[in-house]
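Structural description and commentary
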Amino acid sequence: QLQLVESGGGLVQPGGSLRLSCAASGFTSGFTLDYYAIGWLRQAPGKEREGVSCISVSGGTTKYADSVKGRFTIARDNAKNTVYLQMNSLKPEDTAVYYCAALRVGTVQSMCPMSSHMYDYWGQGTQVTVSS
């Protein structure tokens with residue numbers, strides 16, 4: 001029903017910035033991303049997957065992990081079926097594979113999960129490496 005493709009990862013020095021993109025497409029005509037809450041989650045080597053940020057269907061609700069507050073910003077452009085994660089002041093501990101994930105919502109339009117198990121659709125991931 002939904003395909004997600006991340007892009008924008010790469011190698012960056014500590015203190016640098018990256019902007020990740022998540023492009024969504026559907027198998028049926030008339031697909032729109034405005035029915036889905038979107039999360040960004042990451043998994044570092046040897047670590048559990050953790051929620052980084054999420055955004056509700058219309059962008060009215062956003063959440064951030066404590067470790068990234070003030071440094072990362074999530075945004076969505078439903079007309080382009082794309083979600084972004086702007087990452088500033090990057091630290092070595094931000095190194096991970098970053099995934100975008102989608103959850104189709106119903107009446108609870110403020111839904112914004114930070115837990116991996118809440119999401120049904122996943123992208124392939126994009127590697128972010130922060131190193132000097």
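See above for the structure.
Keep in mind that this is a model prediction, so the values were computed, not measured.

Taken together, 4 strands build an open sheet; the order of strands is E1-E3-E8-E7 and the sheet is antiparallel. Pairing within the sheet leaves two strands with one partner each, and these edge strands are strand E1 (2-7) and strand E7 (72-77). The mean inter-strand angle of the sheet, taken between neighbouring strand axes irrespective of direction, is 15°. Both E1 and strand E3 (residues 18-26) contribute to a ladder of 6 bridges, which runs antiparallel. Bridge assignment links glutamine 3 to a residue of E3, and that residue is serine 25.

So, about the pattern of salt bridges. As enumerated under the stated definition, the model contains 4 salt bridges in all. The salt bridge partner of glutamate 50 is arginine 42, with a shortest N-O separation of 2.8 Å. Here aspartate 94 ties to arginine 71 by a salt bridge, and the two come within 2.7 Å at their closest N and O atoms. In this pair, aspartate 94 is assigned in the loop between strand E8 (82-87) and strand E9 (96-104) and arginine 71 in the loop between strand E6 (62-64) and E7, connecting sequence segments 23 residues apart. Here the two residues aspartate 94 and arginine 71 agree in accessibility, since each one is buried. It is possible to trace a salt-bridge network through shared partners that takes in Arg42, Glu50, Arg71 and Asp94.

What counts and what doesn't
Residues numbered from 1 in each chain as written. Predicted model: local features only at pLDDT ≥ 70, side-chain atom pairs only at ≥ 80, totals over all residues. Heavy atoms only, no water. Pairing = 2+ DSSP bridges. Helix = DSSP H or I, 4+ residues; strand = E, 2+ residues; numbered from the N terminus. Axes fitted to C-alpha atoms, helices over the stretch in contact; angles between N-to-C directions. Salt bridge = Lys/Arg side-chain N within 4 Å of Asp/Glu carboxyl O. Buried < 20%, exposed > 50% of the residue type's maximum accessible area, 1.4 Å probe, protein only.

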